[in-house]
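Results of the structural survey
Spelled out from the first residue to the last, the chains are:
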Amino acid sequence: MTDVNPPTAAIHVSKLHKYFDKLEVLKGIDFQVDAGQVVCVIGPSGSGKSTLLRCVNRLEEPTSGQILVEGIDITDPETDLEQVRTRIGMVFQQFNLFPHMTVLQNLCIAQRTVKRRSKAEAIEIARATLAKVGLAEKEAAYPAHLSGGQQQRVAIARALSMDPDMMLFDEPTSALDPELVGDVLEIMKQLAAEGMTMMVVTHEMGFAREVGDKLVFMDGGVIVEEGDPREVLANPRHERTRAFLSKVL
Amino acid sequence: MKRSTKRRARQGGLYVVLAAVVVFLALSLDWTKIHDNFWAPGLGGNWHDFIFTGLKNTVVFTAIAFAGGLVLALVLALMKLSPVAPYRWIATIYIEIFRGLPALVTILLMAFAVPIAFGWHVPGGAIGAGLVGLILVAGAYMAETLRAGLQAVPKGQAEAARSLGMGPARTLIHIVIPQAIRIVIPPLTNEFVLLVKDTSLLSFAGAAIGQRELTNVARDFMTSGDTAGTGTSLTQVAILYLIISLPLTRLVAWLEKRQQRAR
């Protein structure tokens, strides 16, 4: 291991600690996602996996440690956080579409105000990404009139319309009815196939096995085990990993 | 006796009592005296001119107090939600003081003491300064309404905007405030009705003839003209207030019902 921090690392986390008041939820995380890699993070609730993901675009403030996104230290107060965030798309468990805007407006607002794209250009890109997630005909609808699966696909399109270099997924299918999960996973598979760098907190072991380049198992604020998804899922080395997998598989 | 028969008998008794009270009052009251004090003839030919000016001023004062109060309230609400502690303290102290004082005391202090003490020249003189007092009070009440509205917008909304690279100000303007407005429209309409009525307090602020609102005009006609010493002018003004406020309170009820259904 001579090259622990190659310039290609999309996300590089070292010695990350995070406290909520006195509760330590991340206890020294070292973690890396290479460009083009799909990394799935699994673990029981309260393991710190969502907090780790949210630290990567600093929706959570790390208590100590360093996070590099494409080599830029986002824990440095001098860093232009808004600029870095435009390169990181994020998809939430609860979709978080803007309910007072149509689907098209949801996709255009950040393009217009942050990327300063012209209205025509923003709409053109929005329509292209909507077509990509199979919802071109829904551009005039309000989020309340869409199913959960459609809302999540719009949320993915909203993130993609900013041309991010990488995507963070925070349990993207956990709030969906079972019959709607497949459509969302299909979009994510397609993205992975196109070479998108992805960090996915998920309970979908099938997705992790099929699409993931690396699987990370977290428990109690530490990374217990990581490796090739097929390998980790078939032959977990740690007792805690085995115990968790026996419950979810 | 069967239970339902008993209940009907008891209800019948209540109707009898009610009818007896109404008949007693109708016979015992001095209707001429009541008529002469609430609805005496002879308000004079210029009454309609004055009442029209008064109505116009009531509407204008309400609009100014509401608009000014709303801007002030938004600043106070954002201060109350600020991560910087002293801003929160200042906003809290302000809101507690102006909600704790009677509105009339604030208006009188503004109208008669503050401009002289600080050497301020407020447009409109005493009534203008009194109106500033009403704005200060309205701002304190509406600040709490707006704060609650801003906090009612789910945290994930701001997080989604921030994750798209939008800054704090843009997030507030494009994402949080538009959603908060929907939440606060019914309570703000309520505040508006309260303000319509509270403009009557400005009748104590010493207004020139053309600056008087409804209550002030009514008070003039209680001390001069053929209806002096009676409540006739007040009765007419009271009816005007009800014509303004009743539809608005019905509107609030309708808005609240619609919002509950939307959830």
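Preceding this section is the structure that the text describes.
None of these values were measured; they are calculated from a predicted model. (Residues numbered from 1 in each chain as written. Chains lettered and ligands numbered in written order. Predicted model: local features only at pLDDT ≥ 70, side-chain atom pairs only at ≥ 80, totals over all residues. Heavy atoms only, no water.)

1. Considering unusual backbone geometry
Residues and elements named next belong to chain A. Selection rule: Counting from the N terminus, the helices are DSSP H or I runs at least four residues long and the strands are E runs at least two residues long.
At Asp21, a position not held by glycine, the phi torsion is positive, near 55°. In this model, Phe95 sits at a positive phi of 65°, which is unusual for a non-glycine residue. You can see Phe95 is positioned in the loop between strand 6 (88-91) and helix 3 (103-113).

2. Thoughts on the nonpolar core
Grouped burial of nonpolar side chains is what soluble globular proteins tend to show. Residues and elements named next belong to chain A. Condition: Each nonpolar core is a collection of buried residues, namely Ala, Val, Leu, Ile, Met, Phe, Trp, Tyr and Cys, held together in the definition by side-chain atoms within 4.5 Å. Three labels apply to residues, based on accessible area from a 1.4 Å probe with only protein chains included: buried if under 20% of the type maximum, exposed if over 50%, partly exposed otherwise in between. Any two residues having at least one pair of non-hydrogen atoms within 4.5 Å are treated as being in contact.
Leu130, Ile156, Met167, Phe169, Met188 and Met198 are the most contacted members of the largest nonpolar core, which totals 48 residues. Counting residues per element, this core draws most heavily on helix 6 (residues 178-193), which supplies eight residues. Look past the residues within four positions of Phe169 in its chain and what remains in contact with it is Leu53, Val91, Ile156, Met188, Leu191, Met198, Met199, Val200 and Val201. Residues Val39, Cys55, Leu81 and Val201 belong to the second largest nonpolar core, which totals 40 residues.

3. Notes on the pattern of salt bridges
Rules: Salt bridges, as used here, are contacts in which a Lys or Arg side-chain nitrogen is within 4 Å of a carboxyl oxygen on Asp or Glu.
With the rule as written, the count across this model stands at 20 salt bridges over all chains. In this structure, Glu139 of chain A engages Arg127 of chain A in a salt bridge whose closest nitrogen and oxygen atoms are separated by 2.8 Å. Taken together, the positions of Glu139 of chain A in the loop between helix 4 (119-132) and helix 5 (148-160) and Arg127 of chain A in helix 4 put the pair 12 residues apart, joining distant regions of the chain. Glu144 of chain B is paired through a salt bridge with Lys80 of chain B; the nearest N and O atoms lie 3.3 Å apart. Of this pair, Glu144 of chain B sits in helix 6 (residues 125-152) while Lys80 of chain B sits in helix 3 (residues 47-80); the two residues are 64 residues apart in sequence, bridging distant segments of the chain.

4. Some thoughts on the interface of chain A and chain B
Inclusion rule: Take the accessible area each of two parts loses on contact, using a 1.4 Å probe, and add the two losses: that sum is the buried area. We call two N or O atoms a polar contact when they sit within 3.5 Å, provided that within protein one can donate a hydrogen and the other can accept it, with sequence-adjacent residues counted only if both atoms are side-chain atoms. The nonpolar class holds Ala, Val, Leu, Ile, Met, Phe, Trp, Tyr, Cys and Pro. Asp, Glu, Lys and Arg form the charged class, and all remaining residues, Gly among them, are polar.
Tallying the contact residues gives 23 residues for chain A and 18 residues for chain B. At the boundary of chain A with chain B, total buried surface from both sides reaches about 1700 Å², with 60% on carbon and sulfur atoms. Along the contact surface separating chain A from chain B lie two salt bridges. Of the charged contacts in the structure, one is a salt bridge between Arg162 of chain B and Glu82 of chain A, with a shortest N-O distance of 3.2 Å. Joining chain A to chain B, the criterion identifies six residue pairs in polar contact (both at pLDDT 80 or more). For the side of chain A that touches chain B, the elements supplying multiple residues, two or more each, are helix 2 (81-85), strand 6, helix 3 and helix 5 of chain A. Of all the elements, helix 3 of chain A adds the most residues to the side of chain A that touches chain B, at three residues. Here the residues of the side of chain A that touches chain B sort into 13 nonpolar, five polar and five charged.

5. Looking at the environment of Arg117 of chain A
Residue and element names in this part refer to chain A. Within the secondary structure, Arg117 sits in the loop between helix 3 and helix 4. Setting aside residues up to four positions removed in sequence, Arg117 forms contacts with Gln111, Arg112, Ala122, Ile125, Ser161, Met162 and Asp163. Here Gln111 takes part through its side chain, which lies 2.7 Å from a polar atom of the side chain of Arg117. A polar atom in the side chain of Arg117 sits 2.7 Å from the backbone oxygen of Ser161.

6. Concerning the packing of aromatic side chains
Defined as follows: Here is the rule: rings of Phe, Tyr and Trp (six-membered ring for Trp) pair when centre to centre is within 6.5 Å. Planes less than 30 degrees apart are stacked, more than 60 are edge-to-face, and the remainder are tilted. Our definition puts a charge over a ring when NZ of Lys or CZ of Arg is within 6 Å of the ring centre and also within 35 degrees of the ring normal.
Tallied over the entire structure, the rule returns six aromatic pairs over all chains. Aromatic pair Phe118 of chain B and Trp120 of chain B: ring centres 4.9 Å apart, planes at 20°, arrangement stacked. Of the aromatic side chains, those joined through ring pairs into one cluster are Trp47, Phe50 and Phe221 of chain B. Looking at Arg158 of chain A, its charged tip hangs above the ring of Phe98 of chain A, at a distance of 4.4 Å from the centre. Here the guanidinium or amino end of Lys214 of chain A rests over the ring plane of Phe31 of chain A, the centre of that ring lying 5.6 Å away.

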